[in-house]
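The residues making up each chain are set out below.
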Amino acid sequence: MTTAALPTALPPADELYRRYVGVVRRRVGRFYDDPEAADVVHEVFEKVLQVGHSFRGGSSVRTWLYQVTTRHCLVRRRNARRRRELFEAYGAPAWSLPIRDPSAETVTFLNQLWRTVDPELAEIGVYYYVDGMRQADIGELLGVSGRTISNRLATLAEAAAAAAKEGS
Amino acid sequence: MSPFTRDDHLSDLGLEMWVAGELSAADEARVQGHLSACEPCRLRVEAVAHTPLVPARPTVAEPVPANRPWGWAALGVAAVAAVLLAVFLGGGPGRVDGERPGDGYRLKGSGLSLQVVRATAEGAEPLSTGDSIRAGDRLGFVVGSTRPGHLVVLAVDAGGQVDVCYPPGGDAPAAVEAGPALPLDAAVRADDSPGDQRFVALRCDQGFSLASARAVAVGGALPDGCAREEVVLSKERP
């Protein structure tokens, strides 16, 4: 998808912020509404300062930030039960509105499944159910094969079936 | 990596890559074709242009060297950028083509706008062509652009001297995203040279050299894929 040569290192912090605050802001908007989203954006850039050394240039900076932001938002949501109060105050979180018409599996994933599966599986679920990405593209983003993604999604489907069975 | 979802709409990541001009030529063409036929995805693209920015933290901007050979000194970049953000995102007096930032995203035919802003004790004062400045005035810049690309802002004095205002200290144009009002991390101080002062913004889809930008600033032909805007200010005698 990318034609430009991939960078081998992140740009300086000020340039990184200036160039990519928009993409981080929009990605965070999938998970959080304002006013919390603004805080999360700053958290992501603080996180980037900590983990920037892990950027190996295997992807574009934009793609890498997309992934870092997704992970940060998932961990943050998982670890913050108190945010239920914000949920009640500000309505449904933005990520309950996936870019595709939500299927039954998507609803199950968003409502409960992502909290119980391991972080990697939750991340794959977001890319698949919320973002509607193709398996091969998820694999490219995460640096694994499409086959691996297929297997992980099968695991996710089994977990969804088990959750549905428990709920019935 | 495909920029499309499983049901052939533009993915979030694909959208970001398209806006940034990071797609291959083939994917670029596919996205263009899809956008011409898919209103929901077009609306999402427009929403990207309306994404509110997050106020910058002072520690993010690095100061740039103050000693410039051309008499315009960069100064207080972080402070001026913060003022510009506050003015433009807060619905202050400075707007692109008279539009409030949240009300629309319409630029003139070139798809590029340039706003020069003077820092004041109260905040920032937008300046238009014909307005006057004095030696010592601190000036900042806000651009609006309908497309991502590469950007420079140049100052051209009455004697034809061309200096680079943005990117500060840069030796090449800086990448710019699409947006209705993008405060630039650059601030300059007006010197005491006499005559009109022109500020020229040049944005091109592809990278270009500062030499070619300087040529455009003094009346050279505008290359394909480029847009040019300028603001001409009068210099009051000290």
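Residues numbered from 1 in each chain as written. Chains lettered and ligands numbered in written order. Predicted model: local features only at pLDDT ≥ 70, side-chain atom pairs only at ≥ 80, totals over all residues. Heavy atoms only, no water.

S.K.: Please give an account of the overall build of chain B that cites residues and values.
M.R.: Counting its regular elements, chain B contains five helices and ten strands. A total accessible area of about 10,400 Å² is found for chain B, and carbon and sulfur atoms account for 52% of it. (Helix = DSSP H or I, 4+ residues; strand = E, 2+ residues; numbered from the N terminus. Areas by Shrake-Rupley, 256 points an atom, 1.4 Å probe, with all protein chains shown as cover.)

S.K.: Mind laying out the packing of helix α5 (residues 104-116) of chain A against helix α6 (residues 119-130) of chain A, listing which residues take part and the relevant values?
M.R.: Residue and element names in this part refer to chain A. Contact geometry of α5 with α6 gives a least axis separation of 10 Å together with a crossing angle of 150°. Compared by their axis directions, α5 and α6 come out roughly antiparallel. Pair α5 / α6 crosses with left-handed handedness. Counted together, E105, T106, F109, L110 and W114 of α5 and A122, G125, V126, Y129 and V130 of α6 form the full contact between these two elements. A class-by-class count of the residues in the contact of α5 with α6 yields seven nonpolar, two polar and one charged. (Axes fitted to C-alpha atoms, helices over the stretch in contact; angles between N-to-C directions. Parallel < 35°, antiparallel > 145°, perpendicular 65-115°, else oblique. Left-handed = near helix turned anticlockwise from the far one by under 90°. Contact = heavy atoms within 4.5 Å. Nonpolar A, V, L, I, M, F, W, Y, C, P; charged D, E, K, R; others polar.)

S.K.: Kindly report on the pairing of strand β5 (residues 149-156) of chain B, identifying the contributing residues and their values.
M.R.: Residues and elements named next belong to chain B. Among the eight residues in β5, seven count as buried, and that is most of the element. Both β5 and strand β7 (residues 174-176) contribute to a ladder of three bridges, which runs antiparallel. Bridge assignment links L151 to a residue of β7, and that residue is A174. Pairing of β5 with strand β9 (residues 197-204), which is carried by seven bridges, proceeds in the antiparallel orientation. Residue pairing across strands places L154 opposite V200, the latter belonging to β9. Pairing analysis gives four bridges linking β5 to strand β6 (residues 162-166), with the strands arranged antiparallel. From the neighbouring strand, L154 faces β6, where its bridge partner is V164. (Buried < 20%, exposed > 50% of the residue type's maximum accessible area, 1.4 Å probe, protein only. Pairing = 2+ DSSP bridges.)

S.K.: Run through unusual backbone geometry, naming residues and quoting values.
M.R.: A cis geometry characterises the amide bond from Y166(B) onward to P167(B), with omega recorded as 0°. On the secondary structure map, P167(B) appears in the loop between β6 and β7.

S.K.: Would you mind going over the packing of helix α1 (residues 13-28) of chain A against helix α2 (residues 36-51) of chain A in detail, with residue names and values included?
M.R.: Residues and elements named next belong to chain A. Look at α1 against α2: their axes get within 10 Å of each other, and the N-to-C directions meet at 135°. As judged from the angle between their axes, α1 and α2 are oblique. As for the relative orientation of α1 and α2, their crossing is right-handed in sense. Judged by residue contacts, A13, L16, Y17, Y20, V21, V24, R25 and V28 of α1 engage A37, V40, V41, H42, V44, F45, V48 and L49 from α2.

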